[in-house]
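Next come the chains, spelled out residue by residue.
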Amino acid sequence: MTKRIAVLLGGMSAERPVSLVSGKACADALRRKGWDVVEIDPTRELAKQLADAKPDVVFNALHGEWGEDGKVQGILEHYGKPYTHSGVLASALAMDKQRAKAVLEVFGAKCPEGKLVDRYKAAKDHAMEPPYVAKPNAQGSSVGVFIVLEGTNRPPAELADPRWELGSEILIEKFIPGRELTVAVLGDKALAVTEIIPKTRFYDYEAKYAAGGSVHEIPARIPKAIEDEAKRLALIAHQAMGCRGLTRSDFRYDESASEPLWLLEINTQPGMTPTSLAPEQAAWSGIEFDDLVQWMAEDASCPR
């Protein structure tokens, strides 16, 4: 019997445009695999939307606040149908970047020094000696991220903008120089190490999602010891946080440092767009996109 699957896409966060693309790609893949697919753009009436759709499985392709911070996961747990990606606790913890680092450091990861600051205070005075990174503590997709370089006189004024909708807590984090690396974990396996070479000043929203915004070198041209360590830490992060399905951990690699590898964060809902990193690593590992999405759907469960 053909299973009916609801793909959640879009949603109410600042990352809605990315989720629409991710979700559409996953829905199309599932249709090609023979699933009966219904696409749901969640509102605060998601419980009713699910009841009306009557799916056997839910594929969560949401990004950002509400969609990957444990809130939707809580609704899905209450709904009682199998769903993809991580559960309530892992999602909420991973979305809180500063608190997630506290957990990861217990398991041996080296994470950048950071502190949480009210956004108005962060916009008024330097909360840390530059260079540092200022970013929302509970957002993804490089939304609202600023690099404050050494010698910069003032913090980013945008943090005090009345139109700011990315939360009141700003993570001020020591800037780690070096190369951008990322590792996807699928189930219990770290897939590969990709080096991200942005064509913009850093790996921002444009570099991440615009066609040609960055070069993804896979496998990264790094020493074997660094490759192995990045994979080991990504798998540890996945397991320590209690994640399920597909995750992606991001690193900085400072070749000049005595301890060169820094774990920045873990993403429980990696992008599934044509330029996304996790599907690229899966393909490099021999798992084509449709098969990846099929695996994720078949891995769905409740509770997570």
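How each quantity is defined
- Residues numbered from 1 in each chain as written.
- Predicted model: local features only at pLDDT ≥ 70, side-chain atom pairs only at ≥ 80, totals over all residues.
- Heavy atoms only, no water.
- Pairing = 2+ DSSP bridges.
- Helix = DSSP H or I, 4+ residues; strand = E, 2+ residues; numbered from the N terminus.
- Axes fitted to C-alpha atoms, helices over the stretch in contact; angles between N-to-C directions.
- Contact = heavy atoms within 4.5 Å.
- Buried < 20%, exposed > 50% of the residue type's maximum accessible area, 1.4 Å probe, protein only.
- 1 Å grid on protein atoms, 1.4 Å probe; cavity = no way out; pocket = protein on both sides within 12 Å on 5 of 7 lines; lining within 4 Å.
- Points joined across faces, edges and corners; volume = space filled by probe spheres on them.
- Nonpolar A, V, L, I, M, F, W, Y, C, P; charged D, E, K, R; others polar.
- Salt bridge = Lys/Arg side-chain N within 4 Å of Asp/Glu carboxyl O.
- Polar contact = N/O pair within 3.5 Å; in protein donor to acceptor, adjacent residues only side chain to side chain.

A. Representation of the sheet that holds strand E2 (residues 36–40) within the structure. If you trace the 3 strands from one edge of the open sheet to the other, you get E2-E1-E3, paired in parallel fashion. What marks the edges here is a single partner per strand, and that holds for E2 and strand E3 (57–60). Mean inter-strand twist for the sheet, computed between neighbouring axes without regard to direction, equals 25°. Where strand E1 (residues 4–8) meets E3, 4 bridges bridge the pair, whose relative direction is parallel. Across the sheet, residue Ile-5 finds its bridge partner in E3, namely Val-57. In the packing of helix H1 (residues 16–32) onto the sheet, contacts are made with E1, E2 and E3, and the angle to E2 comes to roughly 165°. Contacts from helix H2 (residues 46–53) reach E1, E2 and E3 within the one sheet, and its direction differs from that of E2 by about 160°.

B. Region of the structure containing the pairing of strand E5 (residues 132–136). When you tally the buried positions in E5, you get 5 out of 5 residues, the bulk of the element. Residue alternation in E5 divides its side chains into two sets, Tyr-132, Ala-134 and Pro-136 and Val-133 and Lys-135, and both sets are buried. Here 3 bridges tie E5 to strand E6 (residues 146–148), and the two strands are oriented antiparallel to one another. Bridge assignment links Val-133 to a residue of E6, and that residue is Ile-147. In this structure, E5 lies alongside strand E7 (residues 169–174), joined through 5 bridges in antiparallel fashion. Pairing of Pro-136 across the sheet is with Ile-170, part of E7.

C. Representation of helix H10 (residues 289–299) in the model. Among all positions in H10, only Leu-292, Val-293, Gln-294, Met-296 and Ala-297 are buried. On its buried side, H10 packs onto E1, H1, E3, strand E8 (179–186), strand E11 (246–253) and helix H9 (277–284).

D. Representation of the layout of surface pockets. Approximately 210 Å³ is the volume attributed to the second largest pocket. Residues that form the lining of the second largest pocket fall into these classes: 4 nonpolar, 4 polar and 5 charged.

E. The arrangement of the side chain of Thr-268 in detail. Counting through the fold element by element, Thr-268 comes out in the loop between strand E12 (261–267) and H9. Given the relative accessible area of 2%, Thr-268 is considered buried. With residues up to four places along the chain from it excluded, the contact list for Thr-268 reads Glu-68, His-85, Ser-86, Ala-90, Ser-91, Ala-94, Cys-243, Leu-246 and Thr-247.

F. View of unusual backbone geometry. Residues Pro-130 and Pro-131 are joined by a peptide bond in cis, for which omega reads 5°. By the element assignment, Pro-131 lies in the loop between helix H6 (119–124) and E5. A cis amide bond links Ile-218 to the next residue, Pro-219, at an omega of 0°. Tracing the chain through its elements places Pro-219 in the loop between strand E10 (214–217) and helix H8 (224–240). For Lys-54, which is not glycine, the phi torsion reads 50° and is therefore positive. Its location among the elements puts Lys-54 in the loop between H2 and E3.

G. Layout of the pattern of salt bridges. Tallying each qualifying case throughout the model produces 24 salt bridges. Arg-4 is paired through a salt bridge with Asp-36; the nearest N and O atoms lie 3.0 Å apart. In this pair, Arg-4 sits in strand E1 while Asp-36 sits in strand E2, placing the two residues 32 residues apart along the sequence. For Arg-4, a relative accessible area of 25% puts it in the partly exposed group. On the basis of relative accessibility, which here comes to 33%, the residue Asp-36 falls in the partly exposed class. Connected through shared salt-bridge partners, Lys-24, Asp-28, Arg-31 and Glu-39 make up one network.

H. Here's a closer look at the side chain of Thr-84. For Thr-84, the location among the structural elements is in the loop between helix H3 (71–79) and helix H4 (88–95). Within the structure, Thr-84 has its side chain in polar contact with the backbone nitrogen of Asn-60 (distance 2.9 Å). Within the structure, the side chain of Thr-84 is placed 2.8 Å from the side chain of His-85, a separation counted as a polar contact. For Thr-84, the residues in contact, after removing those within four places along its chain, are Val-58, Phe-59, Asn-60, Met-296, Ala-297, Ala-300 and Arg-304.

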